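Working through the structure, step by step
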Amino acid sequence: MFHSFFPEPKKFFLSALIWTFVVVAFWYSFGESLGASLGLPPLAPGQEVPIGIGHFFTTASIWFYLYFIASIVIFCGFWQVRATDQPWRLWSVWGSAFLLFTVYFSVDISVAVNNWRRPTYDRIIEALKAPNTVSYDELYGYVLIFFQLATISIVTGVLIAFFTSHYVFRWRNAMNNFYTSVWPKVRHIEGASQRIQEDTMRFASTVEGLGIRLVDSFMTLIAFLPVLHALSATITELPIVGAIPYPLVTAAIFWSIFGTVLLAVVGVKLPGLEFRNQRVEAAYRKELVYGEDHADRAQPPTVVELFDNVRKNYFRLYFHYMYFNVARYFYLQTDVIFSLFLLLPSVVGATITFGLMQQIQGAFSQVTNSFQYLVNSWPTVIELISIYKRLRAFEAAMDDRPLPSIDEEFIAAGGVEEMAQ
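Residues numbered from 1 in each chain as written. Predicted model: local features only at pLDDT ≥ 70, side-chain atom pairs only at ≥ 80, totals over all residues. Heavy atoms only, no water.

- An unreviewed UniProt entry annotates the protein as Peptide/bleomycin uptake transporter originating from Mycoplana azooxidifex.
- Per UniProt, the protein carries the Subcellular location (unreviewed entry) text "Cell membrane". (UniProt positions renumbered as here; feature names shortened; annotations may be inferred.)

Here it is in structure tokens:
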């Protein structure tokens, strides 16, 4: 699954993780001071952050992007030289790095939009207090700034989607070539054709989607945690718990961990059921395909029995998804108003402005959504696990290893005649 596309997958991903920690640690330890020595200093204390396109052209932003690009080039250059035998390294190494960069740029656009909220909504509140206290030109200026940022976001999003489509297909292409090259070893596996044709496509697109969201969550935390930490200075206390250190950051972490643990517990049975669902569907489909060419196959008793297995598994899935969705939707709906609940003491005490409240809610939402990666992705994670379990059977057959336990259980139950032979 990974070896066909990435060079030495275990070493590649481990080195990427280590390099990420090194780069991030160096940035927070020496990065900003190094930029200042090169003539690209950070914003001075008390200096307002530019809103709009100017956000991307501060000396601090320019230095960060130069540092980011240099870090990527060093890492990719190393693997470009090391992995000369991997034909897909331009897409797997450099393509992954490009996706990483574009994800951060998208996050930076979100930061720029969040910085736009505070002055815009504060001026709107001023305009609503009395006629003609704020000019048309000033408010139209804020609208124009948002339109500029939205345009950049749309263009970036379209380009990322276009590149990602090609990236996913290349990964599927690599897996397809790899699996078809060992077809004699895997052809006896139930649903072998489906696994090569469909599961490789779904695996590549699902892993890419989850990976991009994971990176996006990590980048969002890097960008918004300092913002939320700075905004915490304006919040003196929280409901119920009162005054605590770093109130907004602490509340975001606690709330996100609670949601992640909640859904992991209530959804623990779903991956196995999804896997079995693919198995019974494949067995039913395969018998019908045989019936197209052989008169003695797909007879009513056999078809009825196979479809009965499909029905039973779906009904089990419906039941378990029912209570899973109750927990998931309840948590997500509560999440909508959780930040407002936290700000109620400050609102009642009139210690924050409406624009600041909007900025805090925007930053808080970004941070909690990042920490809630598993909460938001859990249904997709379940689907990925079921696909992964199916493709593991291919890996086992290639290496002449025993099939995964869940496949052995299926054979023992008489689920697939061909696999039992």
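1. Structural notes on the layout of surface pockets
- Computed from the structure, the second largest pocket encloses a volume of approximately 1200 Å³.
- Looking at the second largest pocket, it is lined by 36 residues, and the ones nearest its centre are Leu-43, Val-49, Val-111, Asn-115 and Val-227.
- Looking at the lining of the second largest pocket, the elements with two or more residues in it are helix H1 (9–37), helix H2 (59–82), helix H3 (89–129) and helix H6 (192–231).
- In terms of residue class, the lining of the second largest pocket is built from 25 nonpolar, seven polar and four charged. (1 Å grid on protein atoms, 1.4 Å probe; cavity = no way out; pocket = protein on both sides within 12 Å on 5 of 7 lines; lining within 4 Å. Points joined across faces, edges and corners; volume = space filled by probe spheres on them. Helix = DSSP H or I, 4+ residues; strand = E, 2+ residues; numbered from the N terminus. Nonpolar A, V, L, I, M, F, W, Y, C, P; charged D, E, K, R; others polar.)

2. Some remarks on the pattern of salt bridges
- The final tally for this structure, using the stated rule, is six salt bridges.
- Between Lys-11 and Glu-8 there is a salt bridge; the shortest N-O distance is 3.5 Å.
- Judged by relative accessible area, which is 49%, Lys-11 ranks as partly exposed.
- Using a relative accessible area of 31% as the deciding quantity, one classes Glu-8 as partly exposed.
- Salt-bridge contacts for Glu-138 lead to Arg-123; the nearest nitrogen and oxygen are separated by 2.8 Å. (Salt bridge = Lys/Arg side-chain N within 4 Å of Asp/Glu carboxyl O. Buried < 20%, exposed > 50% of the residue type's maximum accessible area, 1.4 Å probe, protein only.)

3. Comments concerning a nonpolar patch on the surface
- On the surface, a cluster of nonpolar side chains totalling about 690 Å² of accessible area is made up of Ile-240, Val-241, Val-336, Ile-337, Leu-340, Phe-341 and Leu-344.
- Within the element layout of this structure, Leu-344 appears in helix H9 (residues 300–348).
- Looking at Leu-344, the relative accessible area reads 39%, which means it is partly exposed. (Patch = residues over 30% accessible without salt bridge, like charges linked within 9 Å, V, L, I, M, F, W, Y side chains within 5 Å. Areas by Shrake-Rupley, 256 points an atom, 1.4 Å probe, with all protein chains shown as cover.)

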